[in-house]
Structure formats: C-alpha cells, structure tokens
2 protein chains.
Amino acid sequence: MLALPINIKKMSPQTITIIGAGNVGYNLTHALHQNGHKILQQYSRNPTRFEGLSNIVQSTTTDLSTIKPDADLYIIAVSDDAIQNVSNQLPKVQGIVTHTSGATTMEVLNKHKRYGIFYPLQTFTRTKLLEFSTLPLCVHSHQEKEITYLSNVARTLTDKVFHITDEQRAILHVAAIFTNNFTNHLLAIANDICDTKQVSFDILRPLMLETLNKVQQFEPRTIQTGPAIRGDEKTMQRHLNLLQETPHYQQLYQVLSNSIQDMGKGS
Amino acid sequence: MLALPINIKKMSPQTITIIGAGNVGYNLTHALHQNGHKILQQYSRNPTRFEGLSNIVQSTTTDLSTIKPDADLYIIAVSDDAIQNVSNQLPKVQGIVTHTSGATTMEVLNKHKRYGIFYPLQTFTRTKLLEFSTLPLCVHSHQEKEITYLSNVARTLTDKVFHITDEQRAILHVAAIFTNNFTNHLLAIANDICDTKQVSFDILRPLMLETLNKVQQFEPRTIQTGPAIRGDEKTMQRHLNLLQETPHYQQLYQVLSNSIQDMGKGS
C-alpha cells in the first residue's frame, strides 16, 4: 500500500457529476449527497434508473453530450467495457474524471486533462443502500495534487481511504473475486447440495457467520479446518462418493481439497 | 428435514459424560454446564485438555475403562477416526451414547443398547466459547423415544433443533465443507494474492462481511456477480494473466469461473 499524501484538509462540498446509475452509481450518489456534496448531474442510458435519485440530484440526462463541463469531479460508474467509450464521449471538462472499476486501467480516461481512480471496494445493490463509513475507498492518479484531492473527497465518506497503484488495484480485484464471487458460488453449491436431500440451507447460516467471524480475527490459512487439511482421506472419499451425481461438484471438491493440502504443505 | 417428535417437555438437569475435550467437547461441556446439566465425567487422552474444565465437571479421567455407567447421556466428541474405537472401549452404560460427528455413521455406536447422534453444526475453537442459543443442533436415533430425549436435551441449549437422518447429515456435512472449509480456503488465497503486491488483506474485510450479509437475505445463486456470470471474458483473461506466477490459483480461478457459468446456464 502506498502512503497517502499528508495534505489532508476538511473538504468543502464539491459539485459532482455521476455517469451511470447502476448498483455503484446509485449508491455513490446517495452517499455523496448525504455527506453534503452537490450532485450536479446524473447520467444513465436508461431513464428508469433515475428512480429514487431525482430528489437528490440537480438534473438527470440520458445524453452524454449534455454533460456540463463545470463540475469539480466526474465519476464514471458504468460497466467495465463501456468506460472508455463513455469517457471519450464526454465533452472537455474542468473537473477531474475518474472511474470506479477494479478491473480497468486508469489510462482509458487519458483523453482528459485530469483523471484518476475512485474505487469503492464493495459489492453493491440498488435495493440496499450501503453505509460508506466502514467501506474502503481506493484512489489513484498520476499527480500528487489529484491524489490529495480524491483522498479528501473520499474521506468525506469513509476513514478507510487507500492510495493504491493500478497494479495493486488489479490484484486487489482478483482477490475480491475470490472473496466475494467465488465464495458466493461455493455457498450456492452448498445450497444446491442441501436441496438434493431436502435439507434446509438455513441450517448452514450460523456456520457461515462464524466462518466469517473467525476470519475477522485470524489469518484464514492459520484457521483452516476440515478433512483436507487433516489428511483424512476416508472422509474425503466418502464425500466424493456422495457427490457422484454431480461430477462438477466432485471435481471442485477434489481441486479445492488439493489446494488446501498444497497450501498446508507450503506453510 | 424430518418432523421432530412433538413430545417436547421442559427437561430437568441431566447427568452427562463427555468423551473428548477438544474444540467440540470443550464447547459442549461449557454450554451444557451453563444450562444446568451436570457433567459427571470428562475424558481426554491428554490431561492438559482439562484446563478450563476442572471447575465445571465433577471428575476428569484419561482412562476410558473408568467411565461410570450411570450418566443419562454420553457424548463422544473425538476425531472421526477414533469414534468407533472409543465407543467399543466404553463399558456397558445405562444412558444413551451419542457422537457429534457430521461425517460418521451412527452405527459405529451399535455396541450400545441406546445410541444416537448429537451433532452441533458449527465450527468450534477452544479459545472462544460459542453461544449455543443460535446454533443448529441435529439429532437422530433409531427410536422415537431416543429422538425425543435427545431433542429435549438439545432444546435446553438452542431453539434450532433438527431431526435429520444419517443420509441427510452426511450431505449436510459435505455442504458444510463447502460453506466453511472451502470458503475459508478461498479467503486464504485472497490473503496470499494481496500479500504478493503488498496490499493489506484488511481492505477486503468489509467485502467479506457484505458478501455474507447478502447471503443471509437472498439465495446465493440469485445474487451471483462478477466477470464469470457476466461472461466478461476480457476481465477473466486479464485475471488469469495476473495469476500466472501461481498456476494453482489460475487453475482454481478457471474451474470456479466455469462452475459459475454452468450454474448460470442451468438456472
């Protein structure tokens, strides 16, 4: 992690334009508004997305060419594939142009004079506004003065502001895939496995919570349990037999168990 | 899930002997003691394991042949491989003999006249006593009267008491491996990936918590996000490239992404 610039100041309300009103854009608009900033404009291709936003933004638009150039900060929160295209369609603006993607280089914004990253590391949904005060926000830019500016805006939302490079952000995004997407998928499989024998998935919820509680306190590799790390081949074989009707789950069981054993040997 | 016997009564304190003082035995002894039961004896091969227990159990022993036959309930909480052996070494007892394993058939206890399952579905550690009141406890036996008895004891600890068959318990244990062991391993990998680029794993903790919070409310397969479910091949390829120094993580990334896509197609 890079050191943040020390030039931290209490920030006055900024004028901000949000491009995109999906899960991230929707949550950001609400959080920035709540913390005193003025949302000058909100863009979405899809006008139904403005629902729940019209009272807190000064104007909405479905036409990128109408974006006004005088906001302090532009945050592009659209799908990864669309960021460069959207950036290129923006008019010349005075403020700094940022995007919120973990997986996309900052350079897709290089048409603009001032650009950077404003990346909240969290999984968002439109239906549930998240509390930003405990959420990590990662910023980056080529210039120290822009990093300072983005950090100061970020700090109006959360104390957890990090300055990370493009390379670090990319690896963090991979780590986030393991943490969120892949974990969620394993839970989907657990749910599916329960369903095959009419066992309620609810019975596993306390185990999920305790799994996560433990990881908040300990390094996960130091608290690994189960048949794989114990080398309990008999139990693993029985589990593989139980999964014989779902060969893809069998394969995952095998690959993950091997991986646990490899990591155990390495430590 | 099977219906529980309806013959629920408020249970008077029972005399209970716990065989084993590892993570499960240690937690069970404390929980049963706190809820008014008398822990007649606690067995462990390893006398250092009695630390923290001597004030709440009537006696401790490192010799199975000294187990007294007059407890109401015997709970064998030893490693899966040792259960049958321990059960066979127990003297003839009046009470019902149970074990706490998700992965072991009830029949390993069939030397005894009365036997059954007393399976708390949770991950335990000795260093942290768990609250049992929200923890699922699964019971089973061949006889209705034993199921009723075990349910009544279980209900002194928690409201979440389930009657599940051996087959259901086996599949539940597999699902628990996905929920706990494999999830923990993915978090260990995320941690490792962060370390390679000097990014603090702490930055991912809020994401972990929100991932689990969401699963408390929704079915996990309905909230799957990320490049795999979106079919975002470009991002997946970039991630695979980023993982090229750790081919086993690359393989896991590929296998899990494929599995997410398979499940997505199936739904």
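Rules used throughout
Residues numbered from 1 in each chain as written. Chains lettered and ligands numbered in written order. Predicted model: local features only at pLDDT ≥ 70, side-chain atom pairs only at ≥ 80, totals over all residues. Heavy atoms only, no water. Helix = DSSP H or I, 4+ residues; strand = E, 2+ residues; numbered from the N terminus. Buried < 20%, exposed > 50% of the residue type's maximum accessible area, 1.4 Å probe, protein only. Contact = heavy atoms within 4.5 Å. Areas by Shrake-Rupley, 256 points an atom, 1.4 Å probe, with all protein chains shown as cover. Lys, Arg positive; Asp, Glu negative; His and termini not counted. Charge placed at Lys NZ, Arg CZ, Asp CG, Glu CD. Least-squares fit on C-alpha atoms with pLDDT ≥ 70 in both. Core = buried A, V, L, I, M, F, W, Y, C linked by side-chain atoms within 4.5 Å. Axes fitted to C-alpha atoms, helices over the stretch in contact; angles between N-to-C directions. Parallel < 35°, antiparallel > 145°, perpendicular 65-115°, else oblique. Left-handed = near helix turned anticlockwise from the far one by under 90°. Nonpolar A, V, L, I, M, F, W, Y, C, P; charged D, E, K, R; others polar. Expected span 1.5 Å × (residues − 1). Bend = angle between axes of the 7 residues up to and from the residue. pLDDT = per-residue confidence, 0-100.

### Side note on the overall build of chain A
For step 1, the next point in the chain: Looking only at helices and strands, chain A has eight helices and eight strands in total.
For step 2, the next point in the chain: Relative to its 267 residues, chain A shows a buried fraction of 57%.
For step 3, the next point in the chain: Of all intrachain contacts in chain A linking residues separated by at least 6 positions in sequence, the fraction that spans at least 24 positions is 54%.
For step 4, the next point in the chain: Approximately 11,200 Å² of chain A is accessible, and the part contributed by carbon and sulfur atoms is 47%.
For step 5, the next point in the chain: In chain A, which carries 24 positive and 22 negative side-chain charges, the distance between the mean positions of the two groups comes to 5 Å.

### Some thoughts on the relation of the copies chain A and chain B
For step 1, the next point in the chain: Mapping chain A onto chain B is achieved by rotating through 180 degrees and translating by 0.0 Å along the same axis, at an RMSD of 0.0 Å. In symmetry terms, the pair is related by a two-fold rotation axis. For chain A, the residue whose C-alpha comes nearest the rotation axis is T183 of chain A, separated from it by 2.8 Å.

### Considerations on the nonpolar core
For step 1, the next point in the chain: Formed by 114 residues in total, the largest nonpolar core has its most connected members in F178 and L204 of chain A together with F178 and L204 of chain B.
For step 2, the next point in the chain: Other than its neighbours up to four places away in sequence, F178 of chain B contacts L186, I189, A190, I193, L243, Y249, L252 and Y253 of chain A together with T183 of chain B.

### Topic: the packing of helix α8 (residues 247–266) of chain A against helix α8 (residues 247–266) of chain B
For step 1, the next point in the chain: Put simply, α8 of chain A and α8 of chain B touch, their axes get as near as 11 Å, and they point 155 degrees apart. Classified by the angle between their axes, α8 of chain A and α8 of chain B sit roughly antiparallel to one another. For the element pair α8 of chain A and α8 of chain B, the recorded crossing hand is left-handed. For the pair α8 of chain A and α8 of chain B, the contacting residues are Y249, Q251, L252, V255, L256, S259 and M263 of chain A in the first and Y249, Q251, L252, V255, L256, S259 and M263 of chain B in the second.
For step 2, the next point in the chain: When its residues are assigned to classes, the contact of α8 of chain A with α8 of chain B shows ten nonpolar, four polar and no charged.

### Quick word on helix α4 (residues 166–196) of chain A
Residue and element names in this part refer to chain A.
For step 1, the next point in the chain: The terminal C-alpha atoms of α4 lie 44 Å apart, and with 31 residues this matches the ideal 45 Å at 1.5 Å per residue to within 8%.
For step 2, the next point in the chain: Considering bend angle alone, the principal kink of α4 is centred on I177 and spans about 30 degrees.
For step 3, the next point in the chain: One or two steps after α4, the chain reaches Q198, where phi turns positive at roughly 55 degrees.

### Focus: the confidence of the model for chain A
For step 1, the next point in the chain: Looking at chain A, the pLDDT average stands at 93 and 96% of residues meet or exceed 70.
For step 2, the next point in the chain: Across the interfaces of the predicted complex, the ipTM metric reaches 0.90, alongside a pTM of 0.89.

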